[in-house]
Structures are given as structure tokens and as C-alpha cells.
Amino acid sequence: MSAYQAGDTPLCSVIVPVYNGAAVIATCLSALSWQTVATELYEVVVVDDGSTDSTMQVVDDWLATHRDLTVRLVQQENTGPAGARNYGAQLARGHFLLFTDADCIPAPTWLEVFLERFRAPDQPAAIMGSYVSHQHAPAAQFAQLEFEERYERMQSRATIDVVATYSAGYQRDLFLAVGGFDSTLIMNEDVDLAYRLNALGKRLVFEPRATVEH
């Protein structure tokens, strides 16, 4: 268990955008409720991006039996993941913003690792975690090999130039100051934000221990 102390404001906010994720969102939320830090230290903001399935009902049902974790469920018209993440960030109360996807399962120590890294003396502006998959489809296995080769290169570097939002963390004040993700982009909004932060001379780092499973 982490030694961090709870306060009136959570240390971090976990933002989960979801669109038609009824089949996966409960598993993601359960993983977030099993973290190794006290639940008073973080909140979860689920942003339903105009789902047309039963996502909202699934989250409501999950919340009815999990009252120990602060989870806020909000809905907006469909704008895409960048807009959903930005909306969650605007509502977030934590000093740090963590992002993952509705079809990802954060490891139990995921949140604790982010907090420890953010509160280290170097205090990076943004942190990228790692992704693992146990899928058996050939395409998924090849994709995982590509991820692992990339991670091996990133571990040898003091800074990185890309932060992917399946496992990502940002200093909240900085994220808001630069306008967050560009919601006009259909994809690669996380790459765009990383490049903008790099252009400002901000430090982005890779933390392989902040793992999510797909």
C-alpha cells in the first residue's frame, strides 16, 4: 500500500473515454478499483462519448455495487476520443491527469507507479506507460512485438517524444495551459500533444511499470 496521505482534493484523476463500450467498461472500472493506493487519493471520470449501446446502464449498474471509489459518469455528444478526454480533463480535480482506454485493464500498481514518478525530483511533464496483450490473433501478436521493440529502445532514453493515451499521465495545469488534445484530429491527437510539449522544452518520460493489458 502506498504511503501517500489522502486530502480534500484527489492527487490524480483517471479519465476514461468510452464509446459503445458496454462489453468492456466494467472490467476497466473494476481494475481501477483494485489499485494499490487508497481510493481517497484518486477519482475516475468516465466520459461517455455519445454511445448508442448500453454503456451508460452498465456503468450505472457497476456503480451501484462499488461505492468505495469516486467515479463520475458524464455524457456528451459524440466528438471522438480527443474531445472526450478534454471534457474529462476540464472536470477533473486531481493535480495529475491519467488516461487509459475503456478496453484496457490497468495493473494493480498502475496508479501508484504514476504517482511515484510524478512526485520524483525530476517531475516530468508527461509519462507514458506500457501495453501488454495476451490476444492470440496473429495481428495482435505482431503488434505486441512491435510495441515491445519500441519499449526496449525507449527504456534507454532519458526523454521520449511521444506519449500514447492507452497509458498516459500529464501534469494537469500544463495540460490545460496548452489546450489539451486537438479535438479536430481524428487520430494521433496524443502524438500532436507530445510534439507541442516537446516544442516547449517539457520533459516526457517512459515508465514501463505503468502497465495496462488489452
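For the structure, check the block above.
Note that this is a predicted model, so its numbers are computed, not measured.

Turning next to the pattern of salt bridges. A complete count under the given rule lists 8 salt bridges for this structure. Among the ionic pairs, Glu207 bridges to Arg117, the shortest N-O distance being 3.0 Å. Of the two residues, Glu207 sits in strand 8 (residues 204–213) while Arg117 sits in helix 4 (residues 110–118), which places them 90 residues apart along the sequence. Residues Glu207 and Arg117 agree in their burial class; the two are buried. Between Arg196 and Asp192 there is a salt bridge, with its nearest N and O atoms 3.0 Å apart. Linking Arg196 with Asp192, this pair stays in helix 7 (residues 189–199), spanning 4 residues, or about one helical turn. Owing to a relative accessible area of 27%, Arg196 belongs among the partly exposed residues under this scheme. Taking relative accessible area as the criterion, Asp192 reaches 23% and is therefore assigned partly exposed.

So, about the pairing of strand 7 (residues 167–171). A regular strand places its side chains on the two faces of the sheet in alternate fashion. Counting buried positions along strand 7 gives 5 out of 5 residues, so the element sits mostly inside the fold. Side-chain alternation along strand 7 places Ser167, Gly169 and Gln171 on one buried face and Ala168 and Tyr170 on a second face that is also buried.

Of all 5 residues making up strand 4 (residues 96–100), 5 are buried, and the element is well covered by its neighbours. Side chains Phe96, Leu98 and Thr100 of strand 4 all project onto a buried face; the interleaved residues Leu97 and Phe99 project onto the opposite face, where all are buried too. Inspection of the sheet shows strand 1 (residues 12–18) paired to strand 4 by 4 bridges, in the parallel sense. Across the sheet, residue Val14 finds its bridge partner in strand 4, namely Leu98. Both strand 4 and strand 7 contribute to a ladder of 5 bridges, which runs antiparallel. What sits directly across from Thr100, in strand 7, is Ser167.

Right, let's talk about the nonpolar core for a bit. Of all hydrophobic cores here, the largest spans 64 residues; its most connected members are Val14, Ile25, Val44, Trp110, Leu111, Met128 and Tyr170. When residues in this core are grouped by element, the largest group, 6 residues, is from helix 4.

Let us look at the packing of aromatic side chains. Taken as a whole and judged by the stated rule, the model has 9 aromatic pairs. Each ring, one from Phe99 and one from Tyr170, has its centre 5.8 Å from the other, and the planes form 75°; the classification is edge-to-face. With Phe99 in strand 4 and Tyr170 in strand 7, this residue pair connects regions lying 71 residues apart in the sequence. The residues Phe99 and Tyr170 share a single accessibility class, namely buried. Taking 5.5 Å as the distance between ring centres and 55° as the angle between the ring planes, the aromatic pair formed by Tyr170 and Phe175 counts as tilted. Each member of the pair, Tyr170 together with Phe175, is buried.

Trans peptide bonds make up most of the peptide bonds, and negative phi angles are found at most residues other than glycine. Even without being a glycine, Asn20 presents a positive backbone phi close to 50°. Residue Asn20 is classed as partly exposed on the basis of its relative accessible area, which comes to 31%. Despite not being glycine, Asn188 shows a phi value in the positive range, around 65°. Along the chain, Asn188 turns up in the loop between helix 6 (172–177) and helix 7.

By volume, the largest pocket amounts to about 230 Å³. Taken together, Pro81, Arg85, Asp101, Val162, Ala164, Thr165, Tyr166, Asn188, Glu189, Asp190 and Val191 form the lining of the largest pocket. Counting residues per element, the ones that place at least two in the lining of the largest pocket are helix 3 (81–91) and helix 7. Counting residues per element, the lining of the largest pocket draws most heavily on helix 7, which supplies 3 residues. Broken down by class, the residue content of the lining of the largest pocket amounts to 5 nonpolar, 2 polar and 4 charged.

With that settled, the discussion passes to the environment of Ala31. With respect to the helices, strands and loops of the structure, Ala31 is situated in helix 1 (residues 25–33). C-alpha separation for the pair Ala31 and Cys104, spaced 73 residues apart in sequence, amounts to 9.0 Å.

Here is what the cut-offs are and how they apply
- Residues numbered from 1 in each chain as written.
- Predicted model: local features only at pLDDT ≥ 70, side-chain atom pairs only at ≥ 80, totals over all residues.
- Heavy atoms only, no water.
- Salt bridge = Lys/Arg side-chain N within 4 Å of Asp/Glu carboxyl O.
- Helix = DSSP H or I, 4+ residues; strand = E, 2+ residues; numbered from the N terminus.
- Buried < 20%, exposed > 50% of the residue type's maximum accessible area, 1.4 Å probe, protein only.
- Pairing = 2+ DSSP bridges.
- Core = buried A, V, L, I, M, F, W, Y, C linked by side-chain atoms within 4.5 Å.
- Phe/Tyr/Trp six-rings, centres within 6.5 Å; stacked < 30°, edge-to-face > 60°.
- 1 Å grid on protein atoms, 1.4 Å probe; cavity = no way out; pocket = protein on both sides within 12 Å on 5 of 7 lines; lining within 4 Å.
- Points joined across faces, edges and corners; volume = space filled by probe spheres on them.
- Nonpolar A, V, L, I, M, F, W, Y, C, P; charged D, E, K, R; others polar.

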